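For reference, the chains in residue letters:
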Amino acid sequence: MSSNGLSRRDFGKMAGSAALGLSTVSAQSADTGIARPTGQNAMLAFPGDFRWGTATSAFQVEGAVNEDGRGPSIWDRFTHLQGKIADHSTADVADDHFHRYKDDVRLMKALGARTYRFSIAWPRVFPEGRGVPNPKGLDFYNRLLDELLANGIEPFATLYHWDLPQALQDRYGGWMSRDTAKAFADYAGYVVERLSDRAKHIFTINECSRLVHLGHGLGIDAPGLNLSEAGMNQVRHNVALGHGLAVQAIRARGRAGTRVGLAENMVTCVPAIETPANIHATEIATRELNAGYLTVILEGKYTEGFLAQAGKDAPKYTADDLGIVSSPIDFVGLNVYKPDHYVLAADNARGFTLAPFPASFPHMDASWLRVGPEAMYWAPRHAARIWGVKSIYITENGTPATDEVAADGNVYDLDRIMYLRNYLLQLQRATSEGVPVAGYFLWSLIDNFEWADGYQKRFGLYRVDFDTQARTPKLSASFYREIIKQNAVV
Ligand code: GCO
């Protein structure tokens, strides 16, 4: 009993009803003694300056592919080939975000989000990939930046989210050539010179890993190639070189205070059982399995293991390249969806074993999206521990869901909420242990063009009716708004 005669249980009830269940007083059950600490979710809180946002990419949302002088990209070409996209769709219209960006900024604002990660379409800015710029194309991003800032939303811009100008594919073979890396740096410098008065955080390249494997190995993504191991290694190196040259161009031409990093879906290794030996093995595995990109960027050399394994298929490079590739960056962005490997310590030459996944391992509404929330703890922790990264953003996390519209018109996407809550609990574990994660961008703000899956896989907090372009919040939008409001897992 408290001194005013009310039991704490009664008081909790009163305060709870007054604040729609969001009481900040201790709500204790007299019967069980189970209590939340003062400040409802204090145990699950994020650092005070944590940045919450959502993410999209240009090709997936913009549409307007022929407007204001935009040139074709490899994804325009690819989507118009027969049989490449599951539902035979294209992204010619997508979310029509090019025309509806003001509405979409309002959706962000309704979430209470303070940041937004989007990408700039290279072929809008340089329709031919290099040479003569198209100021009208860049103007779209001027309008978008102004709208974001007017609404108190901080822009985080990605320069390359896979929409390579088709002209560079035709002329140089795209990323098979170092010329594309050089063209990328020129484009990066041009854009940052004009936008970094407002966009202070720049990501160079999104997910090198996927563009190499799905785009140049398996042929599932544009440009739809099936290169040899040697070819893929060279593409990966050229992308890393493009990243490094772009970092240098951004430093040279960006306004003071411009910060630059990359966004990668690192191969995420999780200890199968959290013992010191397994954790150590996991760190060895992380370095080796990311050797072709993150490791060389953050360490300035390819590991001996990588070069030995690649043998004659190793990429061709110069010593100068390694210095460029490893140009210092300000932050690392991690796209975290799933655990890639569960690792056990092993008495073998590598020092680790990758446990095979059982057929019954759970996944979301895509077979690749395994539910392993602990990936969200280990990915940033590895970046901080292995490479000493001081500033990390979770640049993507989210899931597709079936998102049926219920009889009352709502989308009760409980599976997405379950997924997000569990991943965010692991992120909170990381930040509470001091892993320097500065922000989180949920993929995605709105349902959009999910590459080879077309519009069949919905990742949005807002449902999009692609016939009418109407946007409707799903229950997960309310969930995320509450997370942002409380700055804690709810
Ligand atoms: C990615 C992507 C997004 C995808 C998302 C869901 O970088 O893979 O950035 O474009 O849509 O990951 O698959």
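These lines cover the structure that appears in this document, whether it is placed above or below. Keep in mind the model is a prediction, meaning the values are calculated, not measured.

1. Examining the site of the ligand
- Near the ligand there are 14 residues, and of these Gln60, His161, Asn206, Glu396 and Glu450 occur at the shortest range.
- If the ligand stood free it would expose 310 Å²; the protein chains cover 98% of that surface.
- Taken together, the residues that form the shell around the ligand break down as six nonpolar, four polar and four charged.

2. Regarding the layout of surface pockets
- By volume, the second largest pocket is sized at about 160 Å³.
- Considering the residues around the second largest pocket, the lining is formed by 13 residues, among which Leu298, Ile329, Val332, Trp387 and Val389 are closest to the centre.
- Of all the secondary structure elements, the ones that give two or more residues to the lining of the second largest pocket are helix H12 (291–299) and strand E7 (331–335).
- When the residues that make up the lining of the second largest pocket are grouped by side-chain class, the tally is eight nonpolar, three polar and two charged.

3. Overview of helix H9 (residues 208–217)
- The element H9 is extensively covered by neighbouring structure, given that eight of its 10 residues are classed as buried.
- Those residues of H9 lying buried are Cys208, Ser209, Arg210, Leu211, Val212, Gly215, His216 and Gly217.
- Backbone geometry just after H9 places Gly219 at a positive phi near 75 degrees.

4. Side note on empty space enclosed by the protein
- The final tally for this structure, using the stated rule, is three cavities of 30 Å³ or more.
- Estimates place the volume of the largest cavity at around 70 Å³.
- Ile74, Trp75, Tyr160, Trp162, Trp175, Leu211, Gly215, His216, Asp221, Ala222 and Pro223 together form the lining of the largest cavity.
- Of all the secondary-structure elements, those providing two or more residues to the lining of the largest cavity are helix H3 (74–79) and H9.
- Broken down by class, the residue content of the lining of the largest cavity amounts to eight nonpolar, two polar and one charged.
- Its boundaries defined by the atoms lining it, the second largest cavity holds a volume of some 40 Å³.
- What lines the second largest cavity is Thr56, Ser57, Ala58, Val61, Glu62, His97, Tyr116, Phe118, Ser119, Phe140, Tyr141 and Leu144.
- Elements that contribute at least two residues to the lining of the second largest cavity include exactly helix H2 (58–61), strand E2 (115–119) and helix H6 (135–150).
- Grouping the constituent residues of the lining of the second largest cavity by class yields seven nonpolar, four polar and one charged.

5. Observations concerning the environment of Ala375
- Counting through the fold element by element, Ala375 comes out in helix H15 (residues 375–387).
- Note on Ala375: relative accessible area 0%, which makes it buried.
- C-alpha separation for the pair Ala375 and Tyr116, spaced 259 residues apart in sequence, amounts to 23 Å.

6. Remarks on the packing of H6 against helix H8 (residues 178–195)
- Two numbers describe how H6 lies on H8: the axes approach to 11 Å, and their chain directions differ by 35 degrees. Handedness of the crossing formed by H6 with H8: right-handed. Facing H6, whose interface residues are Leu138, Tyr141, Asn142 and Leu145, H8 presents Tyr190, Val191, Arg194 and Leu195.
- The class makeup of the residues in the contact of H6 with H8 is six nonpolar, one polar and one charged.

7. A short note on the packing of aromatic side chains
- Within this structure, the stated rule accounts for 43 aromatic pairs.
- When the ring of Phe203 is compared with that of Phe331, the centres are 5.3 Å apart and the planes differ by 70 degrees; the resulting orientation is edge-to-face. Within this pair, whereas Phe203 is found in strand E4 (residues 201–206), its partner Phe331 is found in strand E7, the two being separated by 128 residues in sequence.
- Residues Tyr455 and Phe466 carry aromatic rings whose centres are separated by 4.5 Å and whose planes lie at 45 degrees to one another, so their mutual orientation is tilted. Highlighted residues: Tyr455 in the loop between strand E11 (437–443) and strand E12 (462–465) and Phe466 in the loop between E12 and strand E13 (470–473), separated in sequence by 11 residues.
- By relative accessible area, which is 21% here, Phe466 ends up partly exposed.

8. Points about the pattern of salt bridges
- All chains considered together, the criterion is met by 30 salt bridges.
- The closest approach of N and O atoms between Arg51 and Glu154, which form a salt bridge, is 2.9 Å. In this pair, Arg51 sits in strand E1 (residues 51–55) while Glu154 sits in strand E3 (residues 154–160), placing the two residues 103 residues apart along the sequence.
- Between Asp413 and Arg416 there is a salt bridge; the shortest N-O distance is 2.8 Å. In terms of burial, Asp413 and Arg416 fall into one category: buried.
- Several salt bridges share partner residues, and in doing so they unite Asp403, Asp413, Arg416, Asp447, Arg458 and Lys474 into one network.

Calculation notes
- Residues numbered from 1 in each chain as written.
- Predicted model: local features only at pLDDT ≥ 70, side-chain atom pairs only at ≥ 80, totals over all residues.
- Heavy atoms only, no water.
- Near = heavy atom within 4 Å.
- Areas by Shrake-Rupley, 256 points an atom, 1.4 Å probe, with all protein chains shown as cover.
- Nonpolar A, V, L, I, M, F, W, Y, C, P; charged D, E, K, R; others polar.
- 1 Å grid on protein atoms, 1.4 Å probe; cavity = no way out; pocket = protein on both sides within 12 Å on 5 of 7 lines; lining within 4 Å.
- Points joined across faces, edges and corners; volume = space filled by probe spheres on them.
- Helix = DSSP H or I, 4+ residues; strand = E, 2+ residues; numbered from the N terminus.
- Buried < 20%, exposed > 50% of the residue type's maximum accessible area, 1.4 Å probe, protein only.
- Axes fitted to C-alpha atoms, helices over the stretch in contact; angles between N-to-C directions.
- Left-handed = near helix turned anticlockwise from the far one by under 90°.
- Contact = heavy atoms within 4.5 Å.
- Phe/Tyr/Trp six-rings, centres within 6.5 Å; stacked < 30°, edge-to-face > 60°.
- Salt bridge = Lys/Arg side-chain N within 4 Å of Asp/Glu carboxyl O.

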